[in-house]
Amino acid sequence: MNAFIVGGYRTAVTKSSKGGFRHIRADELAARVIKELVSSLKIDVKEIDDVIVGNATPEAEQGLQIGRMISLMSLGIEVGGVTVNRYCASGLEAIAIASARISCNQADCIIAGGTESMTQLPMGGYKFAPSWSLAGSHGDYYLSMGLTAELVAKEFKISREDADMFAFSSHQKALQAIKQGKFRNQIVAVDVEAVEFIEGERRVSQYRVTEDEGPRSDTNLEVLSKLKPVFASQGVVTAGNSSQTSDGAAFVAVMSERMMLRMGLKPEARLMSYSIAGVEPRTMGIGPTLAVPKALKQAGLALKDVSQIELNEAFSAQALAVGRTLDIDFERINVNGGAVALGHPLGCTGAKLTIQLIHEMRSKKEKFGMVTACVGGGQGVADRKGSIVNQDINVSLDATMTESQIRSLRPTIVYSGLSITPSPDIPQDFSDVVTYVVESESGNKLTYRVNIGVENVSREANLSSFSLNLESGLFNGTIEKNEGNTINFSFPFGTNLKGIIPIIQISPNATINPPIDTQMDFYDDTKQRHYVVTAQDKTTYNVYSVSISYTPITFGLVGGATQLGSTAFATVGALFQVGGLKDNPLWKYTLMIDAYTASGTLSVTGGTGRINNPFSESVWKTIALLIGIGRQLPVKLKLSIEGLTHEKTYEFNNIQIGN
Ligand SMILES: CC(=O)SCCNC(=O)CCNC(=O)[C@H](O)C(C)(C)COP(=O)(O)OP(=O)(O)OC[C@H]1O[C@@H](n2cnc3c(N)ncnc32)[C@H](O)[C@@H]1OP(=O)(O)O
């Protein structure tokens, strides 16, 4: 089952201890984001399976299993909550776990992300309690993050000038992004109540936080170059080229494909692969140099396929070392600035960067993006199995597999008998035939030959035509590729669009969800129906959205009025017929009557009701008409059907009151 991210929000990120969120707790920030996320997507709380909260310092205000506290604060008793901690990648880890659980059919909807108040919790927590024996043998395992950045700078020859230049560029990009309003749609406004004791007096104030606080318009290379190193006296790491300690929260909703389609939601992204790699703790900053290739390999992608990368800027020196080692084009990294300018609220960062990445990719209509931090994240999985004919095992690999990967592949072999040679644990060069010998308990031997073929697996996930075969004929939807793959239809008002099996053509070997033979209702013109087309490679996909509009209805409206006596009373009304309408539970009519009387206009509702087929209705209403003798009675009839208003004015000459 595919798991999709269907939406996400974050708070602004503020400076720890001196910023806008210094008066609010991490759980309150998280609850605020989750409430907004769930209500904006109109998710029924009863359908949420879990809340997974990344947090890097889960103690004190962030303790007591903060994940559960947050689920109680935001969604109520019935939704569970759990805390996960992978330090700076906690928010990303939460999304990875949510995606994996949904992919395994263990859940349909999980809220995942992270929150951190570095105002309330110092890095490392309140009690530093290392293992004495480990500290004795590996003191460097407990180095401060800043010192690890110094070691990376030394090992990878990152100069102070380069680190400052990188930091300056991060601020410039972030300031530009804020100016262009790039973060506006991802930030939830947070109202803060500050209670402070100033000179013994309790003061309460309220304010709203809507914008990231970190980027500095007053920074420049000269001022950066003058900042003193903060972690090592002769070092390169300063307050200006380190990530800022910050407060913030960010969450996404991860949903199964079936629930997403049922709710009519559009996928924003899918986590395709996620990898962790271990490196020496003393140079932890280079973690992505191992994690990124691992994640790419899982996804069957090359770095060149990834158009956007959010590389968490724990420190400029570390980000530069990673970028240079992996030979990433820096133009693709952190296009809207990174943590040096925008801040790094540890447990929140992975989810925050995911949301920023998705928004950027969507605006540029890009396909593959990557978030990487101390551990790397990326996209994609691949699964290949062999078919056995006699003793020949033919394995088809898709074209995404590289030659060097084929030269060193470790197979998974299920066999019966005593032993198999060579051992499946040893990688083999499968560019040529590889022979395996299976020996039974009685000493019989069977030889199997493994032949590898590389087939071209299609990455095409296109929908080329979408038609609806109706009583009134075949209607072809217009596919607008430039408008996010929308398929537009226009029908005469009243066309029966219930329970239709559309005729759909997609790329060869691709699959579509909902499946091709699914009956669908299309009549509701306020909703879009989404179809996900997945290519043969099982990773490439496109989402198509079907939109329906109606051409205006034809209708007849006949007015009438009757005088009831010589006093000023009359009955006015209308007989109307609506052409072309079929039974539709959504459509209702309202008839308004405006009668012009001596004292002004009198409006009454003539009638309301459901529209059935065939439809014809007469509505009459008695109204007191205070008009003068001999006056004509103009009466206006106004018919509304589901927001479409049709008006007609009648002059009822036959009513001459009092003559
Ligand atoms: C796995 C991982 O991700 S590891 C990373 C985990 N995170 C960390 O380790 C956090 C790293 N950062 C830090 O610890 C802190 O930011 C420190 C220790 C480097 C600096 O802390 P602070 O002194 O509180 O930094 P702060 O941002 O307040 O800056 C102090 C002063 O330096 C100067 N300054 C800082 N940045 C700039 C800049 N870009 N331009 C000009 N002046 C600057 C200012 O004078 C500033 O004071 P002001 O804000 O009142 O004007």
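Rules behind the numbers
Residues numbered from 1 in each chain as written. Predicted model: local features only at pLDDT ≥ 70, side-chain atom pairs only at ≥ 80, totals over all residues. Heavy atoms only, no water. UniProt positions renumbered as here; feature names shortened; annotations may be inferred. Helix = DSSP H or I, 4+ residues; strand = E, 2+ residues; numbered from the N terminus. Salt bridge = Lys/Arg side-chain N within 4 Å of Asp/Glu carboxyl O. Buried < 20%, exposed > 50% of the residue type's maximum accessible area, 1.4 Å probe, protein only. Contact = heavy atoms within 4.5 Å. Phe/Tyr/Trp six-rings, centres within 6.5 Å; stacked < 30°, edge-to-face > 60°. Pairing = 2+ DSSP bridges. Axes fitted to C-alpha atoms, helices over the stretch in contact; angles between N-to-C directions. Core = buried A, V, L, I, M, F, W, Y, C linked by side-chain atoms within 4.5 Å. Domains from an automatic or database assignment. Lys, Arg positive; Asp, Glu negative; His and termini not counted. Polar contact = N/O pair within 3.5 Å; in protein donor to acceptor, adjacent residues only side chain to side chain. Arc of directions from axis to C-beta. pLDDT = per-residue confidence, 0-100.

(A) Representation of the UniProt feature "domain: Thiolase N-terminal" (unreviewed entry) in the protein chain. As recorded in UniProt, the sites labelled "domain: Thiolase N-terminal" (unreviewed entry) are residues 4-257. Across residues 4-257, the secondary structure splits into 33% helix and 22% strand, with the terminal C-alpha atoms separated by 7 Å.

(B) Representation of the pattern of salt bridges. Using the criterion set out here, one finds 20 salt bridges in the structure. Between lysine 182 and glutamate 360 there is a salt bridge whose closest N-O contact spans 3.2 Å. Pair noted here: lysine 182 is in the loop between α6 (160-179) and β6 (190-198) and glutamate 360 is in helix α12 (residues 346-363), with a separation of 178 residues, a long-range link. Lysine 182 sits in the partly exposed class, given a relative accessible area of 29%. With a relative accessible area of 4%, glutamate 360 lands in the buried category. With its nearest N and O atoms 2.4 Å apart, the salt bridge here joins arginine 362 to glutamate 268. Of the two residues, arginine 362 is situated in helix α12 and glutamate 268 in the loop between α8 (257-263) and β9 (273-274); the sequence distance between them amounts to 94 residues. Judged by relative accessible area, which is 44%, arginine 362 ranks as partly exposed. Relative accessible area serves as the criterion here: at 28%, glutamate 268 is assigned to the partly exposed category.

(C) Just helix α5 (residues 145-155), in detail. When α5 is considered as a whole, its buried residues turn out to be Gly146, Thr148, Ala149, Glu150, Val152 and Ala153. Its buried side turned inward, α5 meets α10 (316-326).

(D) A look at the packing of aromatic side chains. According to the stated counting rule, one finds nine aromatic pairs in the structure shown. With centroids separated by 6.2 Å and ring planes inclined at 85°, the aromatic side chains of phenylalanine 231 and phenylalanine 315 adopt a geometry described as edge-to-face. Taken together, the residues phenylalanine 231 in the loop between α7 (221-226) and β8 (246-256) and phenylalanine 315 in the loop between β10 (308-311) and α10 connect sequence positions 84 residues apart. Judged by its relative accessible area of 36%, phenylalanine 231 falls in the partly exposed class. Residue class for phenylalanine 315 comes out buried when judged on its relative accessible area of 7%.

(E) Geometry of the sheet that holds strand β22 (residues 503-506). In spatial order, the strands read β19-β18-β22; together these three strands make up an open sheet with antiparallel pairing. With one partner strand each, in any of the chains shown, β19 (473-476) and β22 form the two edges of the open sheet. Averaged over all pairs of adjacent strands, the angle between their axes in this sheet comes to 20°, without regard to strand direction.

(F) Main features of the nonpolar core. Counting 46 residues, the largest nonpolar core has Ile43, Ile111 and Phe251 as the members making the most contacts within it. It is helix α1 (residues 26-40) that contributes the most residues to this core, seven residues altogether. Among the domains, domain 1 (3-123 + 145-378) and domain 3 (463-551) are the pair contributing at least three residues each to this core. Counting residues in each nonpolar core, the second largest holds 29 residues, with Phe315, Leu320, Leu326 and Phe368 among its members.

(G) Looking closely at the side chain of aspartate 247. Along the chain, aspartate 247 falls in strand β8. Look at aspartate 247: it is buried, it has no salt bridge, and the nearest opposite charge is arginine 22 at 8.3 Å. Only 2.5 Å separates the side chain of aspartate 247 from the side chain of threonine 119, close enough to count as a polar contact. Those residues in contact with aspartate 247 that lie beyond four places of it in its chain are Ala12, Val13, Thr14, Lys15, Ser16, Phe21, Arg22, Glu116, Ser117, Met118, Thr119 and Pro345.

(H) Structural context of helix α2 (residues 66-75). Taken as a whole, α2 has its buried residues at Ile66, Gly67, Ile70, Ser71, Ser74 and Leu75. Each buried residue of α2 lies within a common arc of 140° when the element is viewed along its axis, so the set occupies one face. Buried positions along α2 lie against α1, β3 (50-54), β4 (80-84) and β5 (109-117). Of the residues flanking the end of α2, it is glycine 76, one or two places downstream, whose phi is positive at about 95°.

(I) Geometry of the confidence of the model for the protein chain. Summary statistics for the protein chain give a mean pLDDT of 83 and a share of 78% for residues scoring 70 or more. For residues 626-630, every residue scores under 50 in pLDDT, and the model assigns this stretch 15 contacts once sequence neighbours within four places are set aside. Confidence drops under a pLDDT of 50 for residues 654-659, and excluding neighbours within four residues, the segment shows 24 contacts in the predicted structure.

(J) Spotlight on the environment of lysine 18. Within the fold, lysine 18 resides in the loop between β2 (14-15) and α1. Residues lysine 18 and proline 58, spaced 40 residues apart in sequence, show a C-alpha to C-alpha distance of 22 Å.

(K) Summary view of unusual backbone geometry. Following threonine 421, the chain continues to proline 422 via a peptide bond in cis, the omega torsion being -10°. Assignment of secondary structure puts proline 422 in the loop between β15 (419-421) and β16 (434-439). The omega torsion across asparagine 513 and proline 514 is 0°, close enough to zero to call that bond cis. Of note in the backbone geometry, lysine 42 takes a positive phi value of approximately 55° without being a glycine. Tracing the backbone shows lysine 42 in the loop between α1 and β3. In this structure lysine 42 comes out as exposed when scored by relative accessible area, which is 69%.

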